[in-house]
Amino acid sequence: PAAVPLLMVGVNIVFSLACVPIGKLSDHMPAERLLALGLVFLALSDVVFAVWATPVGASLGAALWGLHLGATQGVFSKMTADAAPEEKRATAEWLRLLPDSLPARSGSLSARQPLSGWARPLLPRLSSGCFWGFTAVRSVRNPKPDASDS
């Protein structure tokens, strides 16, 4: 457990080093294929973490996780920018990142509150679930129009 922050640093180092080469690759590869590659990196990372419980295994798992982030996060930003109207791209990116920040924020709040038992792990899941529920209802009520409609 004491090495977890060091592993997170490793994840972010690999992530930052992978962004430029994977970004160049994304200019020549469909976004869906790059996302699939990122999911392969994530699956391999999970397998390594689960099977190889040594410092070397943890380091390899962290490196694969960093490659997963490098292969997916830039593509998600590009897809968001491509899907949003030009004047609303910043808002669209903010909305894309919001689901990650709400559970993290509520998790840090719940860590400071005197919650105990079942309530402590419930708060981050509840905020994430509420956001995704709102997003699902909103997308059903206001579907994106087809390009042929405009």
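Please refer to the structure higher up on the page.
So, a few notes on the structure that sits alongside this text. Everything numeric here is computed off the predicted structure, so don't read it as measured data.

About the thresholds
- Residues numbered from 1 in each chain as written.
- Predicted model: local features only at pLDDT ≥ 70, side-chain atom pairs only at ≥ 80, totals over all residues.
- Heavy atoms only, no water.
- Helix = DSSP H or I, 4+ residues; strand = E, 2+ residues; numbered from the N terminus.
- Buried < 20%, exposed > 50% of the residue type's maximum accessible area, 1.4 Å probe, protein only.
- Contact = heavy atoms within 4.5 Å.
- Areas by Shrake-Rupley, 256 points an atom, 1.4 Å probe, with all protein chains shown as cover.
- Expected span 1.5 Å × (residues − 1).
- Bend = angle between axes of the 7 residues up to and from the residue.
- Core = buried A, V, L, I, M, F, W, Y, C linked by side-chain atoms within 4.5 Å.

## Section: the overall build of the protein
Part 1 of the argument: Counting its regular elements, the protein contains 5 helices and 0 strands.
Part 2 of the argument: Among the 150 residues that make up the protein, the fraction classed as buried is 23%.
Part 3 of the argument: Counting only contacts in the protein whose residues sit at least 6 apart along the sequence, the fraction spanning at least 24 positions is 54%.
Part 4 of the argument: About 10500 Å² of surface is accessible on the protein, with carbon and sulfur atoms providing 69% of the total.

## Section: the environment of Gly 66
Part 1 of the argument: Mapped onto the elements of the fold, Gly 66 is located in helix α3 (residues 55-83).
Part 2 of the argument: What makes Gly 66 buried here is its relative accessible area of 0%.
Part 3 of the argument: Counting along the chain gives 28 residues from Gly 66 to Gly 38, while the straight-line C-alpha distance between them is 9.6 Å.
Part 4 of the argument: In contact with Gly 66, not counting residues within four places along its chain, are Val 11, Val 14 and Phe 15.

## Some words on helix α1 (residues 4-26)
Part 1 of the argument: Between its first and last C-alpha atoms α1 spans 31 Å; for 23 residues at 1.5 Å apiece the expected length is 33 Å, and the two agree.
Part 2 of the argument: Where α1 bends most, the angle comes to about 40°, and this point is Cys 19, followed within four residues by the proline Pro 21.
Part 3 of the argument: Those residues of α1 that sit buried are Val 11, Ala 18, Ile 22 and Ser 26.
Part 4 of the argument: Against α2 (31-51) and α3 lie the buried residues of α1.

## A word on the nonpolar core
Part 1 of the argument: Membership of the largest hydrophobic core is limited to 10 residues, which are Ala 18, Ile 22, Ala 31, Leu 34, Leu 35, Phe 41, Val 48, Leu 64, Ala 71 and Val 75.
Part 2 of the argument: Taken together, the elements giving at least two residues each to this core come down to α1, α2 and α3.
Part 3 of the argument: Here this core gets 5 residues from one element, more than from any other, and that element is α2.
Part 4 of the argument: Setting aside residues up to four positions removed in sequence, Ile 22 forms contacts with Leu 34, Leu 67, Gly 70 and Ala 71.

## Looking at the environment of Val 11
Part 1 of the argument: Structurally, the position occupied by Val 11 is in helix α1.
Part 2 of the argument: Along the chain, Val 11 and His 68 lie 57 residues apart, while their C-alpha atoms are 9.5 Å from each other.
Part 3 of the argument: Every residue in contact with Val 11, bar those within four places of it in the chain, is listed here: Ala 62, Trp 65, Gly 66 and Leu 69.

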